[in-house]
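Read off the chains here:
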Amino acid sequence: MPRRTNPGTAAAGDERKRPSIGSIRRAQQITTYGVGGLLAVADQSYIVSGLDTWDVTGEPDLRDQRLEPMLHVNGFRRPPAARVATGRGVRVRRFPATYSCPECKALKAFQDLSVGPDNNRCVQCSALLVPSRFMVACEDGHLDEFPYWDWVHADPKRKGPRPTTCSRATAELTLETDGRTASLRGIVISCSCGQKASMEGAFGKMALRSLGLRCHGTRPWLGRNSTESGCNRPPRTLQRGSSAAWFADLRSALSIPPWHTELMELVEAHRRHLVNKSDERIMEFAEDEGWLAPGGYSLSQVLRTVRTLENATHPDPAEDDEDQNRFAASEPLRQEEYEQLFRVTEDTPENKHFVCEPPEEDPSDIPGVDRVMLVKRLREVRALTGFTRIRPPQGSKADRDRISHLSKSPDLGWLPAIDVVGEGVFLTLDQERLQQWESAVLRADSDRTERMRAAHEDLLREQEWESPRSPLTSRFVLLHTLAHVLINEWSLDCGYPAASLRERLYASDEMCGVLLYTATSDSAGSLGGIIARGEIAELSRSLSSALERASWCSSDPLCMEADANGVGGLNLAACHACLLLPETSCEMNNTFLDRAHLIGTPDGGFPGYFA
């Protein structure tokens, strides 16, 4: 439940109850309206404040022993979801601060134009004020007001500022729409000195830099005085409601053995009373909590679980940083999950968060598929680590280095997260057939994977990375595309909205699998039916139907023959008519997709794995 706060203020020590301005779901607070994201409430616009202002007390209420060391935190907290009457919730700040009046056309800061700090009426004509449609952002996540005065007083050819005697402090700006056209040319900014300019050309990549404007490193979600100096990124104009204004960087982990039991969840919640304590102290605490009551846990179970938590070893997070460009699909955390998904974890009352069993039939009847496992119960912890603007993160270290911070303090020690439960189907590809196909790809007349890799390296080069190396492989594109066609097929078969199905890729020299699952916090996550898609006969039918759908697209031949598709040319034969999924379903932001990797090209120049 977002609450407004004055810019530059924090929640610490502020016991006043502030009225709620609106409500959003917990899951949205890490996926859509997280820290640094823009939130429209009625006719107002706000930005979600940093974690420093969140009203959270006590112990972290969410733990994951695999995710915490990787993210260098000591636990996670669910976003506040208190009732309005408590005065608690997520703080927001007014942004943009520049408003306009549709009646008198005045364009000023909100405090200079409004009747009062909480009254959205024009002080001159009492009309409802409108927040600025335009703002400025850079690829390092900084966000600022659009420089209207500089834009009006720029050279008409947009090659720099021009001499003027007009004072920025005393100038009176107005914003008018002539109504003759819906384009930016129809939006005209005028100054009291007589200068005027339309917004045409404001969205050019270098439009603001050509005027001599630089990014000021402004971070309004952290307060007025929280700026970063020395930003060299060119500022870009964005519309306030643009999807490019905020891209979440989410990291997630599955609760797998030994972290999947109900007892481990209890021990983690009371770890400060149990970890590194004597057996006698642990027994006393377990008795006080009622864990050792008849029908409960035995003392040996409790002791074994506590010692497992104490002796847990995790991959050194520094190891993951050695490779500057590595997708999440090949991280050590995924390797652990991949190995566990091969093993049987029986459906017992103790296994609260992970049950994984094979289907009754042999998957060898499905060409190209090696192993199928039915994940009848799973739990996923999703944490928001930061965000980007302009371009979404692709999961590589090059992208992670430009992710914006969620708080002023680097030692906050926690991140916002949610946990969701669901079910899924895990399948792997036949290694022998896969290696033969990869060799055939290298001999193909047209190496489509190389074209996508080159486009990715061009994108990394634009980020000013020296000697960029893309981790993209034909195996990764194949698995990713396979996940998309199956999700589309299953959304038709079992009635799930595609947005409630998710992919989890496992792709490296040792891994070639994909987990398709439902794990959503709303009612769509409990519909059931995904497990039935993993039964061999049903999976064979679904895969055949999905590949048949992938063999054509309503945009063909343009889609299949395109030299590049998608943002940055990171896709080939993939468009909204055939492969693209809702943002919540794809962990790669709908990039690195190509139907030809599944079914080949019509001329036979590129082989398909299932062709």
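Data block above holds the structure.
Residues numbered from 1 in each chain as written. Predicted model: local features only at pLDDT ≥ 70, side-chain atom pairs only at ≥ 80, totals over all residues. Heavy atoms only, no water.

Student: Explanation requested: helix H13 (residues 448–462) in the structure shown.
Tutor: The α-helix advances 3.6 residues per turn, and as a result positions three or four apart in sequence lie on the same side. A rise of 1.5 Å per residue sets the reference length of H13, with its 15 residues, at 21 Å; its end C-alpha atoms lie 22 Å apart and thus fit the reference within 8%. Within H13, burial applies to Arg448, Thr449, Met452, Arg453, Ala455, His456, Glu457, Leu459 and Leu460. Capping the start of H13, Asp447 holds a side-chain oxygen 3.2 Å from the backbone nitrogen of Thr449, two or three residues further along. (Helix = DSSP H or I, 4+ residues; strand = E, 2+ residues; numbered from the N terminus. Expected span 1.5 Å × (residues − 1). Buried < 20%, exposed > 50% of the residue type's maximum accessible area, 1.4 Å probe, protein only. Polar contact = N/O pair within 3.5 Å; in protein donor to acceptor, adjacent residues only side chain to side chain.)

Student: How do you make sense of the sheet that holds strand E14 (residues 187–191) when you look at a structure like this?
Tutor: Each strand in a sheet pairs with another by means of backbone hydrogen bonds, the pair being arranged parallel or else antiparallel. What the six strands build is an open sheet, ordered E10-E6-E7-E13-E14-E15; its pairing is antiparallel. Both outer strands of the open sheet, strand E10 (130–131) and strand E15 (196–198), are each paired with one neighbouring strand and no more. When strand E6 (residues 98–100) meets E10, the two strands line up antiparallel, connected through two bridges. Paired with Tyr99 across the bridge in E10 is Pro131. (Pairing = 2+ DSSP bridges.)

Student: Teacher, can you tell me more about the state of the cysteines here?
Tutor: Here, disulfide denotes a covalent bond that connects the sulfur atoms of two cysteines. Using the criterion set out here, one finds zero disulfides in the structure. Cysteine Cys191 is unpaired, with the sulfur of Cys166 as its nearest cysteine sulfur at 3.5 Å. By relative accessible area, which is 8% here, Cys191 ends up buried. (Disulfide = S-S within 2.5 Å.)

Student: Sorry, what's going on with empty space enclosed by the protein here?
Tutor: Gaps between atoms show up when a probe of the same size as a water molecule is rolled over them. Within the structure shown, the criterion is met by two cavities of 30 Å³ or more. Counted as a void, the second largest cavity has a volume near 40 Å³. Taken together, Arg63, Asp64, Gln65, Arg66, Leu254, Ser255, Trp259, Glu268 and Arg379 form the lining of the second largest cavity. (1 Å grid on protein atoms, 1.4 Å probe; cavity = no way out; pocket = protein on both sides within 12 Å on 5 of 7 lines; lining within 4 Å. Points joined across faces, edges and corners; volume = space filled by probe spheres on them.)

Student: Sorry if this is basic, but what is going on with the packing of aromatic side chains here?
Tutor: Within the structure shown, the criterion is met by 19 aromatic pairs. Measuring from ring centre to ring centre gives 5.8 Å for Tyr338 and Phe426, while their planes differ by 80°; the resulting arrangement is edge-to-face. Note that Tyr338 is positioned in helix H10 (residues 332–341) and Phe426 in strand E20 (residues 415–429), a separation of 88 residues in sequence. Owing to a relative accessible area of 0%, Phe426 belongs among the buried residues under this scheme. (Phe/Tyr/Trp six-rings, centres within 6.5 Å; stacked < 30°, edge-to-face > 60°.)

Student: Just checking my understanding: could you explain a negative patch on the surface for this structure?
Tutor: On the surface, a cluster of negative charge is made up of Glu280, Glu284, Glu287, Asp288 and Glu289. With a relative accessible area of 48%, Glu287 lands in the partly exposed category. (Patch = residues over 30% accessible without salt bridge, like charges linked within 9 Å, V, L, I, M, F, W, Y side chains within 5 Å. Areas by Shrake-Rupley, 256 points an atom, 1.4 Å probe, with all protein chains shown as cover. Salt bridge = Lys/Arg side-chain N within 4 Å of Asp/Glu carboxyl O. Lys, Arg positive; Asp, Glu negative; His and termini not counted. Charge placed at Lys NZ, Arg CZ, Asp CG, Glu CD.)

Student: Before we go on, may I ask you to explain the packing of helix H14 (residues 474–493) against helix H16 (residues 536–550) in this structure?
Tutor: The relative placement of two packed helices comes down to the angle between their axes together with the axis-to-axis distance. With their axes 9 Å apart at the nearest point, H14 and H16 run at an angle of 110° to one another. As the angle between them shows, H14 and H16 are arranged roughly perpendicular. Like other packed secondary-structure pairs, H14 and H16 cross with a definite hand, here right-handed. Contacts between H14 and H16 involve Leu482, Val485, Leu486, Glu489, Trp490, Leu492 and Asp493 from the former and Glu538, Leu539, Arg541, Ser542, Leu543, Ser545, Ala546, Arg549 and Ala550 from the latter. (Axes fitted to C-alpha atoms, helices over the stretch in contact; angles between N-to-C directions. Parallel < 35°, antiparallel > 145°, perpendicular 65-115°, else oblique. Left-handed = near helix turned anticlockwise from the far one by under 90°. Contact = heavy atoms within 4.5 Å.)

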